[in-house]
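# Structural description and commentary
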Amino acid sequence: MKKISFLYLFLCLHFSLNAQKKDVDFFSLPFVQEAKTLHDFELKNISGCSLFYAPDINLYVNADFSGNFEDNFTLFRGVPTVKITQNLPGIAKLQCLLSAELSDSKESEFKYSLSQSVSLSFPLINTPGYIKLFNNYGMNNYKIRKKNSDISYLLSLNKGVCRLVSEAGNYLYYKRMLRLYEEKLSLLEQQTDDYEKLFVLGKINAINVHDQISEKLKFIQEKVELQGKYIAAEKSLMELGAEELLLEFDLKSFVEKWKEYCKLYHRESFLKDEQNLLALDINHFSYVESVSSSIPSFSAGFSINSPYSQQDFPDFSQANWNINVAFNIPLKQKAGLNAIDSMVIYKNMTLLEKQKLLRSQKSSKQEREGYVLLYDSYCKTMQNASNLEKNRLDSYTELNKAGKLSDFDLKLQENNSEIYDNYADYAELQLLVTLLSCY
């Protein structure tokens, strides 16, 4: 749970330090609440697995009242019973039963009797390997299931954080891009008007005007598509319950903050890989538990039943003693040999599956590293393109001051420079989301 505590601490600090208008409570986000509720439920559901070798104590009480409407109750009979079951190593099981039968009626005074029984059952066919396997199941079943539940919790948090960063980053990217597109559309409309004036004066032909109008219409179409993506990003944030995260962030500062998170929360191993390996152990344990009932077993026990007594304690010298033995041999399963053989085969299958999974994880690790390198290269390319546009803007500014470039061309270059800067920030966002998705 140390990973979970660290994750919580960082996220709480992150949101509290960066909420400028409102205090954003990370724990109140729906995906966090859902993950926590599911985690609590799973821990409750597997809590019984931790008591495998602890005594299982149950109390049963049966009571009968009989009589008629005139005499009310004429007979009372109650049978309280305590049953204790103890699992022992090697599939053995000890069971103790203590029962009292209480009776009271108008014909006779209150009386009772006691009965006690003890029975022991164990498999007829066993091997040191299977005893070790079953004991390992009894000792580690809860531990492995709890670890699996904790990893599922972390995975849910990481998936939620990854989606949150992706959707919020997309929203900030589209929001800024729409503003820049509005500015550029205004410039294109101004340019189209100038082209039409030049056409009237006969300084350009109709083809030039047509090309300019086509460029503007194509840009309007791009703007409409961008608006659709912006609406979809806003909807996704609302579905996450994170609309309060639409703060005074710009994409650049948002990405920088989450890059700090990636540096601090470094993962030596991937959670998905750990969970896949645990799933094999859990399936193995479940199979051991299901097959154990098919193994031939022998049980023996004795019981003592005292006669009815009205004394403070019944006289066991007159009690009835019973000794019982029982065999359970599944003939269809070759007297249980099939069960033993199948568990050995299943164990070998689990080992082979683990080896296969480890090979797959090694290749998937290389795949993750490959995508990180790919997006890192993409970021550098887009940053270089943005730097070129900024350098071009510096040159255009000097030319404008010298009277060699129009104000319109300077404004158009300022707009292009900002658009490429937004492209570079979006590339950084893609790299960030790739890193966050490597859980």
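Residues numbered from 1 in each chain as written. Predicted model: local features only at pLDDT ≥ 70, side-chain atom pairs only at ≥ 80, totals over all residues. Heavy atoms only, no water.

### Focus on the packing of aromatic side chains
Per the counting criterion, the structure on display carries 6 aromatic pairs. Aromatic pair Y375 and Y378: ring centres 6.3 Å apart, planes at 75°, arrangement edge-to-face. Highlighted residues: Y375 and Y378, both in helix α7 (residues 337-401), separated by 3 residues, approximately one helical turn. Relative to Y423, the ring of Y420 lies with its centre 5.5 Å away and its plane at 80°, an arrangement referred to as edge-to-face. Residue Y420 and its partner Y423 are both found in helix α8 (residues 407-436); the two are separated by 3 residues, about one turn of the helix. Classification of Y423 by relative accessible area gives partly exposed; the value is 26%. Site record: aromatic cluster; members linked through ring pairs are Y173, Y174 and Y426. (Phe/Tyr/Trp six-rings, centres within 6.5 Å; stacked < 30°, edge-to-face > 60°. Helix = DSSP H or I, 4+ residues; strand = E, 2+ residues; numbered from the N terminus. Buried < 20%, exposed > 50% of the residue type's maximum accessible area, 1.4 Å probe, protein only.)

### Remarks on a negative patch on the surface
Taken together, E189, D193, D194 and E196 make up a surface patch of like negative charges. Of note, E196 is situated in helix α3 (residues 128-200). (Patch = residues over 30% accessible without salt bridge, like charges linked within 9 Å, V, L, I, M, F, W, Y side chains within 5 Å. Areas by Shrake-Rupley, 256 points an atom, 1.4 Å probe, with all protein chains shown as cover. Salt bridge = Lys/Arg side-chain N within 4 Å of Asp/Glu carboxyl O. Lys, Arg positive; Asp, Glu negative; His and termini not counted. Charge placed at Lys NZ, Arg CZ, Asp CG, Glu CD.)

### Digging into helix α4 (residues 206-239)
An ideal rise of 1.5 Å per residue puts 50 Å on 34 residues; α4 measures up with 50 Å between its terminal C-alpha atoms. If you check which residues of α4 are buried, you get V209, Q212, K216, F219, K223, L226, Y230, A233, S236 and L237. Looking at the residues trailing α4, positive phi occurs at G241, about 70°. (Expected span 1.5 Å × (residues − 1).)

### Focus: the confidence of the model for the protein chain
Regions with low pLDDT should not have their predicted coordinates read in detail. Counting all residues, the mean pLDDT for the protein chain is 77, and 82% of those residues have values of 70 or more. Across residues 15-24 the pLDDT falls below 50, and counting only partners more than four positions away or on other chains, this stretch makes 16 contacts in the model. (pLDDT = per-residue confidence, 0-100. Contact = heavy atoms within 4.5 Å.)

### A look at the pattern of salt bridges
For the structure on display, the rule yields 19 salt bridges. Between E418 and R176 there is a salt bridge whose closest N-O contact spans 3.7 Å. With a gap of 242 residues between them, E418 in helix α8 and R176 in helix α3 connect regions that are remote in the sequence. Residues participating in the shared-partner salt-bridge network are R176, R179, E183, K252, K390, E418, D421 and D425.

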